[in-house]
Amino acid sequence: MRAAVLRGGQMVVRDDVPEPVPQEGQVLVAVKACGICGSDLHFAKHGDQMVRLTREITGMPVQGGLPVDLGDDVFMGHEFSAEILEAGPGTDAPPPGTLVTSLPVLLSPKGFEPIMSSNTVLGGYAERMLLSVPLLLSVPDDVDPRHAALTEPMAVGLHAVNKSAITAGEAALVIGCGPIGIAIIAALRLKGVEHIAAADFSVRRRELAATMGAHVTLDPAQGSPFDGATPAVIFEAVGVPGIIDDVMRRAPLGSRLVVAGVCMQPDTVTPLFGIAKEISVQFVNSYDHNEFAETLRAIADGRIDVSPLITGEVGLEGVGAAFDELADPDTHCKIMVTP
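Parameters and conventions
- Residues take numbers from 1 onward in each chain, read along the sequence in its written order.
- It should be noted that, the model being predicted, local features are given only for residues of pLDDT at least 70 and side-chain atom pairs only at 80 or more, the latter also being counted only at that level, while totals for whole chains, interfaces and linings use all residues.
- Working from all heavy atoms in the structure, the side-chain values ignore hydrogens and water.
- Grid points spaced at 1 Å and placed over the protein atoms alone form the basis of the search, with a cavity being a set where a 1.4 Å probe fits but cannot get out and a pocket an open set showing protein on both sides within 12 Å along at least five of seven lines. Lining residues have an atom within 4 Å of a point.
- Grid points are joined across faces, edges and corners, and a volume is the space filled by probe spheres set on the points.
- A helix here means a DSSP run of H or I that spans at least four residues, while a strand means a run of E at least two residues long, and both kinds are numbered starting from the N terminus.
- Each residue gets one of three labels, nonpolar for Ala, Val, Leu, Ile, Met, Phe, Trp, Tyr, Cys and Pro, charged for Asp, Glu, Lys and Arg, and polar for the others, Gly among them.
- Domain delimitation follows an automatic or database domain assignment.
- Contacts between residues were defined by any pair of non-hydrogen atoms, one from each residue, lying within 4.5 Å.
- Buried surface area refers to the total accessible area, computed with a probe of radius 1.4 Å, that the two partners give up upon joining, counted for both partners together.
- Salt-bridge detection follows one rule: a side-chain nitrogen of Lys or Arg within 4 Å of a carboxyl oxygen of Asp or Glu.
- Pairs of N or O atoms are called polar contacts if they sit within 3.5 Å, as long as, within protein, a hydrogen donor faces a hydrogen acceptor (for residues adjacent in sequence, only side-chain-to-side-chain pairs).
- At least two bridges found by DSSP between two strands is the condition for calling them paired.

Here's the deal with the layout of surface pockets
Stage number 1. In this structure, the second largest pocket spans a volume of roughly 320 Å³.
Stage number 2. The wall of the second largest pocket is formed by 18 residues, among which Leu106, Thr120, Val121, Leu122 and Leu130 lie closest to the centre.
Stage number 3. Elements represented by at least two residues in the lining of the second largest pocket include exactly β7 (105-108) and β10 (128-132).
Stage number 4. A breakdown of the residues in the lining of the second largest pocket according to their chemical character gives 10 nonpolar, 5 polar and 3 charged.

What follows is the structure, encoded as structure tokens:
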């Protein structure tokens, strides 16, 4: 079987991957589409740092960090839709031919195994993979498999908006209009927020932000996004050092700051900025099963139109070049892999 794998920091195609065999409670699926996520790009470039940092984290239900050996091939791809081929022994599952998506987790005798970055668990950059029946969501017949695959990243945006507790009458400012910022904008529009501003240096990203629901777009090169604005909730979706501190310095009194951008470097904040204005800071990550299902329904119903996000499509042999192209924010938003 063929799969694109991370090897020595580069994505290469293997044609000798062992065929996955579903166990009880699992299904074998043929991948129809998989989006390339920014976290995959970051792992390809800074995998050693990500492995090290996650191993330093304590206080989590599951300890130990990412169990990944970067000296071996790494399977990735967690934004996917797939067609059921067969079920494991004794498993009651949707019939073969059913289009599904799923939270990127595999339930196995080992426990909960993330479908993210693994030496053993196949992801969406493969012709076939295994999924767990309890986590499956059937995709309506009229939904494009590529659109269904974007349930995962759009659910990240919905989770951030839910955590913010924003109301329709409050103003929102989204800083950074990459895929996560765009997902936040779409979720804000879904929730009926009446004033959404979006800031990004990229002209193309600002245009996409407007398409996805931003009422106002701002170029930080032309002035502070806070000039004349009084957002109640600020969503930080950049993930570089200095942004959080700058937001707290400029944000209005009593603002709520939601941090969705993943910064991998140590950062410094000035507590006085937040204390003086009683700013609430909320860090967010991922989503829950209900948010995932709500996102799929919104895509299926047309309340979230994800088609503008798809700016390219490649087969497995094109994954490596796609990783390189996605480094330019003015070239692509989301490249879909269709094995």
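With respect to the domain arrangement of the protein
Stage number 1. If you check the domain split of the protein, you get domain 1 (3-139 + 306-337) and domain 2 (154-283).
Stage number 2. Each of domain 1 and domain 2 has a C-alpha centre, and the two are 28 Å apart.
Stage number 3. On the side of domain 2, 11 residues touch domain 1, which itself brings 13 residues to the contact.
Stage number 4. The contact between domain 1 and domain 2 buries some 1100 Å² in all, and 68% of this surface belongs to carbon and sulfur atoms.
Stage number 5. One can count 0 salt bridges joining domain 1 with domain 2.
Stage number 6. For the pair domain 1 and domain 2, the interface holds 4 residue pairs in polar contact (both at pLDDT 80 or more).

Observations concerning the sheet that holds strand β1 (residues 3-7)
Stage number 1. If you walk across this open sheet you meet the 4 strands as β2-β1-β4-β9, and the pairing is antiparallel. Taken across any chain shown, the strands that pair with only one partner, and hence form the sheet edges, are β2 (10-14) and β9 (117-118).
Stage number 2. Where β1 lies against β2, 5 bridges are found, and the strand directions are antiparallel. Residue pairing across strands places Ala4 opposite Val13, the latter belonging to β2.

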